[in-house]
Amino acid sequence: MSNSTENLPQIHNKPLRHSVSIPNTFALKSLACNALLIEERADFALISEYAQQLSPVYIVGGGSNLILPNQLGGLVVLMRQQDVHYLGEQAAHHYIDVVAGEVWHDWVLYAEQQGWPGLENLALIPGTVGAAPVQNIGAYGLEVAQFIDSVEIWDIEQAVFRRLTRDECQFSYRDSVFKTPQGQQWVIASVRFALPVDWQPCLNYPELRREVLSSQGEETQVRSKDILQAVIDIRRRKLPDPSQIPNAGSFFKNPIVSAAQYESLLSSNPQLVAYEQPSGEYKLAAGWLIDQCGWKGRALGTVRVHQNQALVLTNTGHASASDVVAIAQKIRADVQARFGVTLEQEPVNWA
Ligand SMILES: Cc1cc2nc3c(=O)[nH]c(=O)nc-3n(C[C@H](O)[C@H](O)[C@H](O)COP(=O)(O)OP(=O)(O)OC[C@H]3O[C@@H](n4cnc5c(N)ncnc54)[C@H](O)[C@@H]3O)c2cc1C
């Protein structure tokens with residue numbers, strides 16, 4: 001890793017910033033040795049220029065899915081450019097380009113106000129539009145991949161913009177090509193959304209369905225803004241607000257197991273919480289597994305498992321990345337020992 005900035009070219013009169021505090025919802029204190037702000041399209045070329053002397057390159061959106069060390073060397077790229085551009089209606093979809101630095105929730109609200117519904121189940125997810133395809137954000141029965149037409153990337157090595165089709169993005173549960181070694185050479189510049197002209201509500205998720213129908217009565221009467229409000233209300237009730245209680249959302253993915261393993265687990269744990277997948281496999285509720293191991297509300301040092309939501313780790317004070325890693329390892333080991341299930345961490349760990 002190189003941290004040297006001596007003799008770096010002053011391209012476009014936009015020098016790097018040094019010792020910049022990296023925003024993150026876990027409130028980990030972390031300084032970027034060399035930070036580049038992307039505020040306009042011309043700035044993308046600078047990533048490739050600076051990357052010739054500084055590596056690795058870290059792309060940071062809102063920092064809501066990151067575990068950060070005290071200091072991050074290499075080149076830290078902060079995505080700040082914002083813009084929304086309506087392209088038009090075609091084949092029963094509204095096409096809209098949204099620049100990576102837009103705040104995800106603001107975009108969801110804006111789309112709803114403009115009469116382009118579809119994203120309401122994904123309201124209030126923290127972070128930026130550019131990060132949404134990386135882990136294919138999902139909530140309340142929908143994943144963002146369903147609404148993505150294509151993604152424009154900046155290829156750091158080749159120093160060119162390219163467009164990837166939805167298929168090329170290789171979306172699956174909390175996963176995409178952007179998590180592969182090849183995909184990590186790319187910076188998402190903008191996302192092209194295809195939102196349905198003929199909107200249908202998605203109320204598959206039982207808690208959301210109950211909440212919406214308790215105020216609307218009939219499914220046919222449900223409007224997208226009713227779902228939007230219900231999702232916001234449920235999330236505010238259930239999830240700790242990072243500005244009050246620092247956290248990185250769900251700390252572990254819900255593990256997917258074979259039907260045989262599910263049956264075996266169910267026979268010894270009749271209360272097991274699981275959802276059958278179209279593939280015939282089962283998605284287990286990681287929060288339930290963690291709760292059964294006695295972790296709900298428990299702390300290790302400065303990191304505590306949230307008292308109402310066992311899937312969420314919270315920073316109770318001055319936690320560092322190693323404190324987070326320590327409790328995560330213990331939880332993972334306990335779940336493995338009791339259920340024989342391996343938990344996979346959701347936030348990206350750069351520590
Ligand atoms: C309270 C809370 C609730 C959450 N709820 C959900 C939820 O319901 N569903 C869900 O899926 N997630 C959820 N998350 C996780 C998080 O909000 C998402 O992963 C979000 O997309 C991260 O966005 P970000 O801009 O903060 O990304 P960051 O945390 O800054 O980065 C995350 C990853 O994306 C990469 N990245 C960011 N921007 C770009 C870019 N432009 N190009 C290339 N790579 C990039 C980073 O390098 C990093 O690998 C939650 C988090 C919190 C704190």
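Residues numbered from 1 in each chain as written. Predicted model: local features only at pLDDT ≥ 70, side-chain atom pairs only at ≥ 80, totals over all residues. Heavy atoms only, no water.

*Asks:* Kindly report on the domain arrangement of the chain, identifying the contributing residues and their values.
*Replies:* With domains assigned, the chain is organised as domain 1 (11-79), domain 2 (84-196) and domain 3 (247-349). Carbon and sulfur atoms supply 69% of the area buried between domain 1 and domain 2, which totals about 1000 Å² over both sides. Connecting domain 1 to domain 2 are 1 salt bridge. Close ionic contact of glutamate 152 with arginine 41 constitutes a salt bridge, the shortest N to O distance being 2.7 Å. Contributing elements (two or more residues each) for the side of domain 1 that touches domain 2: helix H1 (44-51) and strand E3 (57-60). In terms of residue count, H1 provides more of the side of domain 1 that touches domain 2 than any other element does, 5 residues in total. (Domains from an automatic or database assignment. Buried area = accessible area lost by both parts, 1.4 Å probe. Salt bridge = Lys/Arg side-chain N within 4 Å of Asp/Glu carboxyl O. Helix = DSSP H or I, 4+ residues; strand = E, 2+ residues; numbered from the N terminus.)

*Asks:* Which residues make up the nonpolar core, and what values go with them?
*Replies:* One finds Trp104, Trp107, Phe178, Phe193, Leu195 and Leu208 to be the most contacted residues of the largest nonpolar core, which totals 45 residues. Among the elements of the structure, strand E8 (93-99), helix H2 (104-114), strand E11 (148-155), strand E13 (186-196), helix H3 (206-216) and helix H4 (224-238) are those that each provide at least two residues to this core. Top contributing element to this core by residue count: H4, with 6 residues. With residues near it in sequence (within four places) discarded, tryptophan 104 still touches Leu119, Leu122, Ile125, Gly127, Thr128, Val129, Ala132, Ile137, Val144 and Phe193. Counting residues in hydrophobic clusters, the runner-up holds 34 residues, among them Tyr262, Ala285, Leu289 and Leu311. (Core = buried A, V, L, I, M, F, W, Y, C linked by side-chain atoms within 4.5 Å. Buried < 20%, exposed > 50% of the residue type's maximum accessible area, 1.4 Å probe, protein only. Contact = heavy atoms within 4.5 Å.)

*Asks:* Quick one: what's the story with the packing of aromatic side chains, residue by residue and with numbers?
*Replies:* As enumerated under the stated definition, the model contains 14 aromatic pairs in all. Judged by centre distance (5.1 Å) and plane angle (40 degrees), the rings of tryptophan 107 and phenylalanine 193 are tilted. Within this pair, whereas tryptophan 107 is found in helix H2, its partner phenylalanine 193 is found in strand E13, the two being separated by 86 residues in sequence. For phenylalanine 193, a relative accessible area of 0% translates into the label buried. Joined through ring pairs, the aromatic side chains of Tyr86, Trp104, Trp107, Tyr110, Trp116 and Phe193 make up one cluster. The ring of phenylalanine 161 is capped by arginine 41, whose NZ or CZ atom sits 3.9 Å from the centre of that ring. Across from the ring centre of tyrosine 173, 4.0 Å away, lies the NZ or CZ of lysine 283, which sits over that ring. (Phe/Tyr/Trp six-rings, centres within 6.5 Å; stacked < 30°, edge-to-face > 60°. Lys NZ or Arg CZ within 6 Å of the ring centre and 35° of its normal.)

*Asks:* Talk me through the environment of phenylalanine 26; I want residue IDs and the actual numbers.
*Replies:* Relative to the assigned elements, phenylalanine 26 resides in the loop between strand E1 (17-21) and strand E2 (31-38). Given a relative accessible area of 0%, phenylalanine 26 falls into the buried group. Phenylalanine 26 has contacts with Ile67, Pro246, Asn247, Ala248, Phe251, Val303, Leu313, Thr314, Asn315 and Val324, leaving out every residue within four places of it along the chain.

*Asks:* Kindly report on the sheet that holds strand E20 (residues 312-315), identifying the contributing residues and their values.
*Replies:* In space, the 4 strands of this open sheet follow the order E14-E20-E19-E18, with antiparallel pairing throughout. With partners counted over all chains shown, the strands left at the sheet margins are strand E14 (247-250) and strand E18 (299-300), one partner each. One ladder, built from 3 bridges, connects strand E19 (residues 303-305) with E20; its direction is antiparallel. Looking at E20, one finds that valine 305 is bridged to leucine 313. The sheet contacts of helix H7 (residues 321-339) involve E18, E19 and E20, and relative to E19 the element is tilted by about 35 degrees. (Pairing = 2+ DSSP bridges. Axes fitted to C-alpha atoms, helices over the stretch in contact; angles between N-to-C directions.)

*Asks:* Pulling in residues and values, what's your account of the sheet that holds strand E17 (residues 282-284)?
*Replies:* Read from one edge of the open sheet, 3 strands run E15-E17-E16, paired in antiparallel fashion. Single-partner strands in this sheet number two, and they are strand E15 (256-257) and strand E16 (274-276). Sheet topology places E16 next to E17; 3 bridges connect them, and they run antiparallel. Note that in E17 the partner of tyrosine 275 across the bridge is lysine 283.

*Asks:* Lay out the packing of H2 against H4 with the relevant residues and their values.
*Replies:* It is the contact of H2 with H4, at a shortest axis distance of 10 Å, that shows an interaxial angle of 155 degrees. Classed by the angle they form, the pair H2 and H4 counts as roughly antiparallel. Classified by chirality, the crossing of H4 by H2 is left-handed. Residues His105, Val108, Leu109 and Glu112 of H2 form the contact with H4, whose participating residues are Ser224, Lys225, Leu228 and Ile232. A breakdown of the residues in the contact of H2 with H4 according to their chemical character gives 4 nonpolar, 2 polar and 2 charged. (Parallel < 35°, antiparallel > 145°, perpendicular 65-115°, else oblique. Left-handed = near helix turned anticlockwise from the far one by under 90°. Nonpolar A, V, L, I, M, F, W, Y, C, P; charged D, E, K, R; others polar.)

*Asks:* How would you summarise H7 if you had to cite specific residues and measurements?
*Replies:* With 19 residues, H7 extends 27 Å from end C-alpha to end C-alpha; this agrees with the ideal 27 Å at 1.5 Å per step. Those residues of H7 that sit buried are Ala321, Val324, Ile327, Ala328, Ile331, Val335 and Phe339. End-on, the buried residues of H7 take up no more than an arc of 135 degrees, which puts them together on one face. In this structure, the buried side of H7 is in contact with strand E4 (66-67), helix H5 (259-268), helix H6 (286-292), E18, E19 and E20. Following H7 by one or two positions, glycine 340 has its phi on the positive side, about 70 degrees. (Expected span 1.5 Å × (residues − 1). Arc of directions from axis to C-beta.)

*Asks:* How would you explain the site of the ligand if you had to name every residue and give the values?
*Replies:* In the vicinity of the ligand there are 34 residues, among which Ile59, Gly62, Ser64, Thr128 and Gly138 approach most closely. Taking glycine 138, its main chain carries an N or O atom lying 2.8 Å from a nitrogen atom of the ligand. Between the ligand and isoleucine 188 there is a distance of 2.8 Å, counted from a nitrogen atom to a backbone nitrogen or oxygen. Taken by itself the ligand offers 970 Å² of open surface, and the protein chains cover 93% of this. Secondary structure elements with two or more residues in the shell around the ligand: E3, strand E9 (138-139), E13 and E14. (Near = heavy atom within 4 Å. Polar contact = N/O pair within 3.5 Å; in protein donor to acceptor, adjacent residues only side chain to side chain. Areas by Shrake-Rupley, 256 points an atom, 1.4 Å probe, with all protein chains shown as cover.)

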